[in-house]
Amino acid sequence: MNPVNKYHTFLSHSHSDADLVEQIAKKLQDEYQLEVFLDKWILVPGQPFPQALSKGLDEAETCTIFIGSNTPTGWFRNEVDKALNKQAKDSSFRVIPVLLPNANDSFVGDFLELRTWIKFKSGIEEPEALHQLVSGIVGRPPGRIDGSVTRQTAIKLTVVPQRSLSEIIGRQEDLQNLRMVMLDDRPVVLVNGMGGIGKTTLAEGYMVEYGNEYRHLVWLNAESGFKEAVVSNYRLTENLKLKETPADQKFDAILFELDRLPGPNLMIIDNATCEFATYRDVIPQTPNWHILLTSRERIGAYIPMELDFLTEEYAMSLFKEHCDILTDEEVRTIVRKLEKHTLVVEIVAKAATRNRWSYAVAMSALEEDANTDVKTKRSDDKAIDRIKTYLISLFNISRLNANERWILKQFCGLPGNYITFEFLYKLLHIDKLEWKDKFASSLENLYESGYLQKNEAGNYKMHAVLKETFKTSLKPGLSDMSELIENVSELIFLDQSKDNPVDKFPFMPFGETLLELFPEDESSEIAALKSNLALVYKDLGDYEKARDLLEGALKSDLQNFGELHPNVARSQSNLALVYQDLGIMKRPGIYWKGALKKRFAKLWRTPS
């Protein structure tokens, strides 16, 4: 719509046809997003209506004249005459005669014989007549109609991604929800979600399903910034005939020309960042434009449409779409391990087929940074050589500050369930940090940037895919995690004289996750954690798990302290008890003798 106009069309009609015209007006507005001037909707009670009607006609791009059974008289006749006079002065202004089902055809000859007219023969639900009317209002040829409405091909001002709707698994309901939100006349619709979850796929699906209901289409990738995406798009500049525009004027000139285009139009801005909020006052505006953003970040004051992970069944369907060499139960276990992350499920499935992976290899593919040599839509048809290496480039940490990186390192050592802010604050000893006052805002920034998830209760977690990625890109070390390790070890410590092992259950996953993060570490801190966790497993009856942990703790203690240290004696004593529980009689005696030897050696050195 031209910026000087408020309405796509002015609806002129006889009072006796008001109800029929209002029904058509609702269709034009609700189904085709056209702004219409209907006197019943616009005129303010008590306001002089001749001036308001005249102003409405001046602010419209077209005038649609509905002819029924009565001859146009009075104000209706005046509107017709004014519309025809306006067209005589401005050839771009269209006057569209529409015959209602009860119309007298002779009235067309009297007033509008030189214009192409539209006729609703049997009722206002006729798709052909409605299609012709919309075409007349937006100013495009209606095209061939063979018993059904032919959808017009929208003008693509940029390269527009093509994707078959059959490829979009598990997002049909999201696509319908997006359509409803887009019709809600918001200035910008933001689809929010974690990287690789399917935001771009959903936007492509919207473009395929509804693109031809728009006159012009624009697709921009704004990962490097919105302004850069606009001015660097050669196809957009060429189609708007702005190739010769000076570089410093090009951005404003492009936005100005886009805003002038007759609508409705669609602009999809993929991978937008927070900086887009600075352009909210200069982007093309509704109702002429629908603007759809996809982003892993929260942007300005835009209310996001949150895109969730696929359901387990849809994630399995996606996997099996690309891989049929594994059983259903194997596929189910794999997608659970990947926490139904759309992109990684697709990569692993394609790689499993291409490389004939076994179930075990597929299960460890992300952790091992396995070779894949596959392509996805997300990778722009460039081969993905290794899974984790590709994800590191996708989840870039270069924009994060030192505090945010430290927080992400801690989450690499935390289990995958949601954790309350209060428990995080206590567990990480935030009160000891110099930047403790910034912890809450840093945590929220990581959530808003898509690195952490947050549930409705305000609790935080890190997705398993990101955790594996950040283990490599951030390389959390023992020095980064010392407070966390010490605190978890204290929480797990079981005082046999007063503690109930059941009370330690909630903290066991924290200990296990830290041990998984440092599987080869021989430090005294990790040894203490192993020892404390082992005693809980012992009291729970999992003696084999307790034995493995205590053997690891003993090995570390011997290496760190030597044979005569009390820590070694304690580890040997605990290990002897576990071997006794396992029914192994010889080894407990060995460990008890060793433990007693350390204790006597200590007493021998102690002054009386």
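Residues numbered from 1 in each chain as written. Predicted model: local features only at pLDDT ≥ 70, side-chain atom pairs only at ≥ 80, totals over all residues. Heavy atoms only, no water.

Regarding the sheet that holds strand 1 (residues 9–12)
Line of reasoning, step 1. As summarised here, the arrangement of the five strands in space is 2-1-3-4-5, forming an open sheet in which the pairing is parallel. Edge positions in the open sheet fall to strand 2 (36–37) and strand 5 (118–119), since each of these has one partner strand only.
Line of reasoning, step 2. Inspection of the sheet shows strand 3 (residues 62–67) paired to strand 4 (residues 94–99) by six bridges, in the parallel sense. Bridged to Thr64 within strand 4 is Ile96. (Pairing = 2+ DSSP bridges. Helix = DSSP H or I, 4+ residues; strand = E, 2+ residues; numbered from the N terminus.)

Some points on the side chain of Lys250
Line of reasoning, step 1. Topologically, Lys250 is positioned in helix 11 (residues 247–260).
Line of reasoning, step 2. It turns out Lys250 is buried and unbridged, and the closest side chain with the opposite charge, Glu244, is 8.3 Å from it.
Line of reasoning, step 3. Ignoring anything within four residues of it in the chain, the contact list for Lys250 reads Val231, Thr237, Leu242, Lys243 and Thr245. (Buried < 20%, exposed > 50% of the residue type's maximum accessible area, 1.4 Å probe, protein only. Lys, Arg positive; Asp, Glu negative; His and termini not counted. Salt bridge = Lys/Arg side-chain N within 4 Å of Asp/Glu carboxyl O. Contact = heavy atoms within 4.5 Å.)

Focus: the pairing of strand 3
Line of reasoning, step 1. Across the six residues of strand 3, six count as buried, placing the element largely inside the fold.
Line of reasoning, step 2. Of the two faces of strand 3, the one carrying Thr62, Thr64 and Phe66 and the one carrying Cys63, Ile65 and Ile67 are both buried.
Line of reasoning, step 3. Of the pairings in the sheet, the one linking strand 1 to strand 3 comprises three bridges and is parallel in character. Paired with Ser12 across the bridge in strand 3 is Ile65.

What to know about the packing of helix 16 (residues 387–394) against helix 20 (residues 464–473)
The description of two packed helices rests on the angle between their axes and on the distance between the axes.
Line of reasoning, step 1. Remark: helix 16 packs on helix 20, axes separated minimally by 9 Å, with the N-to-C direction vectors making an angle of 90 degrees. Put simply, helix 16 runs roughly perpendicular to helix 20. Contacts between helix 16 and helix 20 involve Lys388, Leu391 and Ile392 from the former and Val465, Glu468, Thr469, Thr472 and Ser473 from the latter.
Line of reasoning, step 2. Partitioned by chemical class, the residues of the contact of helix 16 with helix 20 number three nonpolar, three polar and two charged. (Axes fitted to C-alpha atoms, helices over the stretch in contact; angles between N-to-C directions. Parallel < 35°, antiparallel > 145°, perpendicular 65-115°, else oblique. Nonpolar A, V, L, I, M, F, W, Y, C, P; charged D, E, K, R; others polar.)

Quick notes on the packing of aromatic side chains
A ring pair, where both rings are aromatic, is described by two values, the distance of the centres and the angle of the planes.
Line of reasoning, step 1. Across all of its chains, the model carries 16 aromatic pairs by this definition.
Line of reasoning, step 2. Considering the side-chain rings of Tyr451 and Phe470, the 5.9 Å spacing of their centres and the 40 degrees angle between planes classify their relative orientation as tilted. Taken together, the positions of Tyr451 in the loop between helix 19 (439–448) and strand 14 (453–454) and Phe470 in helix 20 put the pair 19 residues apart, joining distant regions of the chain. Residues Tyr451 and Phe470 agree in their burial class; the two are buried.
Line of reasoning, step 3. These aromatic residues form a ring-pair network of at least three members: Phe226, Phe251, Phe276, Tyr279 and Tyr302.
Line of reasoning, step 4. A cation over an aromatic ring shows up here: Arg179 above the ring of Tyr210, its NZ or CZ 4.4 Å from the ring centre.
Line of reasoning, step 5. The ring of Tyr418 has Lys461 sitting right over it, with the charged end atom 5.5 Å from the ring centre. (Phe/Tyr/Trp six-rings, centres within 6.5 Å; stacked < 30°, edge-to-face > 60°. Lys NZ or Arg CZ within 6 Å of the ring centre and 35° of its normal.)

Concerning the confidence of the model for the protein
Detailed reading of the predicted model is not advised wherever pLDDT is low.
Line of reasoning, step 1. Per-residue confidence for the protein averages 87 on the pLDDT scale, and 91% of its residues sit at or above 70.
Line of reasoning, step 2. Within the model, pLDDT remains below 50 along residues 146–151, and this stretch shows 13 contacts once partners closer than five positions in the same chain are excluded. (pLDDT = per-residue confidence, 0-100.)

Details of the packing of helix 21 (residues 478–492) against helix 23 (residues 524–539)
Line of reasoning, step 1. Packing of helix 21 against helix 23 leaves a shortest axis separation of 9 Å and a crossing angle of 25 degrees. When the interaxial angle is binned, helix 21 and helix 23 end up roughly parallel. As helix 21 packs across helix 23, the resulting crossing turns out to be left-handed. Contacts from Leu478, Ile485, Val488, Ser489 and Ile492 in helix 21 reach Glu525, Ile526, Ala528, Leu529, Asn532, Leu533 and Val536 in helix 23.
Line of reasoning, step 2. Tallied by class, residues from the contact of helix 21 with helix 23 come to nine nonpolar, two polar and one charged. (Left-handed = near helix turned anticlockwise from the far one by under 90°.)

Description of the nonpolar core
Line of reasoning, step 1. Formed by 109 residues in total, the largest nonpolar core has its most connected members in Phe319, Leu391 and Phe470.
Line of reasoning, step 2. Broken down by element, the residue count for this core peaks at eight residues, all from helix 14 (residues 342–355).
Line of reasoning, step 3. Those residues in contact with Leu391, other than ones at most four positions away along the chain, are Leu343, Val344, Leu366, Val465 and Thr469.
Line of reasoning, step 4. Listed in part, the 29 residues of the second largest apolar core include Phe251, Ile254, Leu261 and Phe276. (Core = buried A, V, L, I, M, F, W, Y, C linked by side-chain atoms within 4.5 Å.)

Description of the pattern of salt bridges
Line of reasoning, step 1. Under the criterion given, the structure shown has 29 salt bridges.
Line of reasoning, step 2. The closest approach of N and O atoms between Glu59 and Lys55, which form a salt bridge, is 2.6 Å.
Line of reasoning, step 3. Residue Glu59 is classed as buried on the basis of its relative accessible area of 16%.
Line of reasoning, step 4. When its relative accessible area of 47% is taken as the criterion, Lys55 is described as partly exposed.

Some remarks on unusual backbone geometry
Line of reasoning, step 1. Going from Gly263 to Pro264, the amide bond is cis rather than trans, its omega being 5 degrees.
Line of reasoning, step 2. With respect to the helices and strands, the residue Pro264 is situated in the loop between helix 11 and strand 9 (265–270).
Line of reasoning, step 3. With an omega dihedral of 5 degrees, the bond running from Thr286 to Pro287 counts as a cis peptide bond.
Line of reasoning, step 4. Along the chain, Pro287 falls in the loop between strand 9 and strand 10 (289–295).
Line of reasoning, step 5. A positive phi angle is found at Asn271, which is not glycine, with a value near 60 degrees.
Line of reasoning, step 6. Within the secondary structure, Asn271 sits in the loop between strand 9 and strand 10.
Line of reasoning, step 7. Phi at Lys475 takes a positive value of approximately 50 degrees, unusual for a residue other than glycine.

Details of the pairing of strand 12 (residues 371–374)
Within a regular strand, side chains alternate between the sheet's two faces.
Line of reasoning, step 1. Residues Thr372 and Val374 point to one face of strand 12 and are all buried, whereas Asn371 and Asp373, pointing to the other face, are not buried.
Line of reasoning, step 2. With two bridges connecting them, strand 12 and strand 13 (residues 384–386) associate as antiparallel partners. Along strand 13, the bridge assignment pairs Val374 with Ile384.

Side note on the sheet that holds strand 6 (residues 155–156)
Line of reasoning, step 1. Read across the sheet, six strands follow the order 6-8-9-10-7-11 without closing on themselves; strand pairing throughout is parallel. Pairing within the sheet leaves two strands with one partner each, and these edge strands are strand 6 and strand 11 (304–306).
Line of reasoning, step 2. Here strand 7 (residues 189–192) pairs with strand 11 via three bridges, running parallel. Among the inter-strand pairings, Leu190 is bridged to a residue of strand 11, identified as Pro304.
Line of reasoning, step 3. Across the sheet, helix 7 (residues 172–182) lies against strand 7, strand 9, strand 10 and strand 11, angled at about 155 degrees from strand 7, the strand it touches most.

Comments concerning helix 12 (residues 312–322)
Line of reasoning, step 1. Residues Glu312, Ala315, Met316, Leu318 and Phe319 constitute the buried set of helix 12. Take helix 12 and look down its axis: the buried residues cluster within an arc of 160 degrees, on one side only.
Line of reasoning, step 2. The elements touched by buried residues of helix 12 are helix 13 (328–337) and helix 14. (Arc of directions from axis to C-beta.)

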